Structure formats: structure tokens, C-alpha cells
Amino acid sequence: MVRVTSPDAAAEGARRAAEFLELLADDDTAADRMLAELTETRDLVFLGAGLTAIARTEGRLLPTAQRAQASTRQVRLGQLRDANRGDVDGLRTWLRRSGEEVLFIRQLRATASRS
């Protein structure tokens, strides 16, 4: 099987991040399957970059205290990523937790907007 890499890896990572978040919100098994299908470190890292961009963008919209907490969680996720740079399974764990963080931020925003 020949895989064609997108000429714009960042755009592909952002597209995959959106897809992964939809799967994670609706079907854990499908989200895990998507991560398992990504075998190249490069693909995992660009997916992670997309998730990080979403988390930081949406985290900026939180109230001050929650924004500070989200920022701290992003630092910890970065440490998890760095600790697993050479480990594909470890990167998948980082991606799973990063996706869960985005969903949590969205939940916080929804709660804050109802207040």
C-alpha cells in the first residue's frame, strides 16, 4: 500500500484533529481505531499539533481561573509528549489525553455560558 502524504501536513493534522474529536465524543472505539491506524510518528505529531491548537484557542475563551488551569494542563500534556517522543504507543496516549482535554474545555465553556 502506498500512502500519499498531504503537501500541507499542518492542514492534514488539523483535519484529523477535528475528525478525532468527533469520534472521541461519539465513539471511543472508533477514536482508538483511528489512532491505531496512524503508524507514522510524523502523522501522530501533526494530529497532536492540531489538537494543541484547538485546545489553546478554545482555552483562551474560558474564564480567567479556568483558563489558567487549562494552561497548566497543556504544559503537562507537553511533558507527556516529550517523554514519549520515540514511542508510538506513548504518543497515542498523549493524543488520547489531548483529545479528552479539548472535550473537557468545551464542557467547561458550555457550563460557563449557561451561568
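This write-up is about the structure you can find in this document.

Side note on helix α2 (residues 28-37)
Residues of α2 that are buried: A30, A31, M34 and L35. The buried residues of α2 occupy an angular sector of 140° when the element is viewed end-on, so they sit on one face. Exposed residues on α2 whose side chains face more than 90 degrees from its buried face are T29 and E37. At its buried positions, α2 is contacted by α1 (9-26), α3 (41-59) and α5 (88-114).

Observations regarding the nonpolar core
Core analysis: the biggest nonpolar cluster contains 23 residues, and F20, L47, L51, W94 and L95 have the highest contact counts within it. Mapped onto this core, the elements with two or more residues apiece are α1, α2, α3, α4 (64-83) and α5. When residues of this core are assigned to their parent elements, the largest contribution, six residues, is made by α5. Sequence-distant contacts of L47, defined by excluding residues within four places in its chain, comprise G13, R16, A17, F20, L35, L38 and L95.

Some words on the pattern of salt bridges
Applying the stated criterion across every chain yields a total of 13 salt bridges. Residue R73 pairs with E101 through a salt bridge whose shortest N-O separation is 2.8 Å. You can see R73 sitting in helix α4 and its partner E101 sitting in helix α5, a full 28 residues away along the chain.

Cut-offs applied
Residues numbered from 1 in each chain as written. Predicted model: local features only at pLDDT ≥ 70, side-chain atom pairs only at ≥ 80, totals over all residues. Heavy atoms only, no water. Buried < 20%, exposed > 50% of the residue type's maximum accessible area, 1.4 Å probe, protein only. Helix = DSSP H or I, 4+ residues; strand = E, 2+ residues; numbered from the N terminus. Arc of directions from axis to C-beta. Contact = heavy atoms within 4.5 Å. Core = buried A, V, L, I, M, F, W, Y, C linked by side-chain atoms within 4.5 Å. Salt bridge = Lys/Arg side-chain N within 4 Å of Asp/Glu carboxyl O.

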